[in-house]
Amino acid sequence: MKIVLASNNAGKLTEFNRLLEGSGVQAVAQAGLGVTDIEETGLTFVENALLKARNAARVTGLPALADDSGLCVDALDGAPGLYSSRYAGPEGDAGRNIAKLLEALHDVPDDRRTARFCCALVLLRHAEDPQPLIAEGSWEGRILHAPRGAGGFGYDPVFLDPENNLSAAELNPAIKNRISHRGRALELLRQRLPGFLS
């Protein structure tokens, strides 16, 4: 079954399709189906994911999967949070976002650099679906003082997974997909997929 992924992030598309392997579901990026991004006006990750999924389903007529995720840093009262992808401004990229984050945490000691990646996934069967499938996951860690590793995307180089003592950008992709916020949310989603889409 083909579903539209309400994102134009190539890294997310690759990650989702890797996580969906064997489920009989394949995600395709919304841009290839004529869907443009909509304004994320929600106040929570779930609200933003719902807005994105409804938009993609409405335009394509396909079931739509949307994720809204971000990095929440305790010492910054949960920032960058909902604004993770545009923390350094609308033209920001991963490098600038990371630089702004490290600057904001410049004098913060290790024991106060706790953070978590949060992910809300929403799957709609159609644009007006009144009972979306919602799955959430989080990944606890700590913010490093400098980037490490060449894998992943976004804030991965500065997010330390304490269990492996590696940044998310240093982790083997298979391990990352199992323990990440998105991996945990998608595993919950996968468990409920068969009955939901039938």
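Criteria and cut-off values
- Residues numbered from 1 in each chain as written.
- Predicted model: local features only at pLDDT ≥ 70, side-chain atom pairs only at ≥ 80, totals over all residues.
- Heavy atoms only, no water.
- Disulfide = S-S within 2.5 Å.
- Buried < 20%, exposed > 50% of the residue type's maximum accessible area, 1.4 Å probe, protein only.
- Pairing = 2+ DSSP bridges.
- Helix = DSSP H or I, 4+ residues; strand = E, 2+ residues; numbered from the N terminus.
- Contact = heavy atoms within 4.5 Å.
- Axes fitted to C-alpha atoms, helices over the stretch in contact; angles between N-to-C directions.
- Expected span 1.5 Å × (residues − 1).
- Salt bridge = Lys/Arg side-chain N within 4 Å of Asp/Glu carboxyl O.

Trainee: Please set out the state of the cysteines residue by residue, giving values where relevant.
Mentor: The bond known as a disulfide is covalent and runs between the sulfur atoms of two cysteines. For the coordinates displayed, the defined rule picks out zero disulfides. Counting only cysteine sulfurs, C118 is the nearest neighbor of C72, a cysteine outside any disulfide, at a range of 3.9 Å. We classify C72 as buried; its relative accessible area is 13%. Using a relative accessible area of 15% as the deciding quantity, one classes C118 as buried.

Trainee: Tell me what's going on with the sheet that holds strand β4 (residues 114–124), and back it up with residues and numbers.
Mentor: One key point about sheets: their strands pair by backbone hydrogen bonds, in either a parallel or an antiparallel sense. Taken together, the seven strands give an open sheet; going across it, the order is β2-β1-β3-β4-β5-β6-β7, and neighbouring strands pair in mixed fashion. The open sheet is flanked by β2 (26–29) and β7 (166–167), the only strands paired with a single partner. In the sheet, β4 pairs with strand β5 (residues 133–143) via 10 bridges, with the strands oriented antiparallel. When the bridges of β5 are listed, T114 appears paired with R142. The strands that helix α2 (residues 45–60) touches are β1 (2–5), β3 (64–73), β4 and β5; relative to β3, the one it contacts most, it runs at about 155°.

Trainee: Break down the side chain of S167 for me, citing the residues and quoting the values.
Mentor: Here S167 shows up in strand β7. Judged by relative accessible area, S167 falls into the buried class, the value being 0%. If we skip the residues at most four places from it in the chain, S167 touches L144, R148, G149, D156, P157, F159 and L160.

Trainee: Outline α2, supporting the account with residue identities and numerical values.
Mentor: For an α-helix the count is 3.6 residues per turn, leaving residues at separations of three or four pointing the same way. The terminal C-alpha atoms of α2, which comprises 16 residues, lie 23 Å apart, in line with the 22 Å expected from a rise of 1.5 Å per residue. Those residues of α2 lying buried are F45, V46, N48, A49, K52, A53, N55, A56 and A57. In the core, the buried residues of α2 are packed alongside β1, β3, β4 and β5.

Trainee: Describe the pattern of salt bridges, with residues and values.
Mentor: The full count for this structure, using the stated rule, is 13 salt bridges. Between D68 and K52 there is a salt bridge; the shortest N-O distance is 3.0 Å. One end of the pair, D68, is in strand β3; the other, K52, is in helix α2, with 16 residues separating them in the sequence. As far as burial versus exposure is concerned, D68 and K52 are alike and both buried. Measuring nitrogen to oxygen at the nearest pair gives 3.0 Å for the salt bridge that ties R148 to E170. Here R148 is found in the loop between β5 and β6 (159–161), whereas its partner E170 is found in the loop between β7 and α4 (173–179), with 22 residues between them in sequence. Exposure remark for R148: the relative accessible area of 31% places this residue in the partly exposed category.

That's the geometry; what it means functionally is another story.
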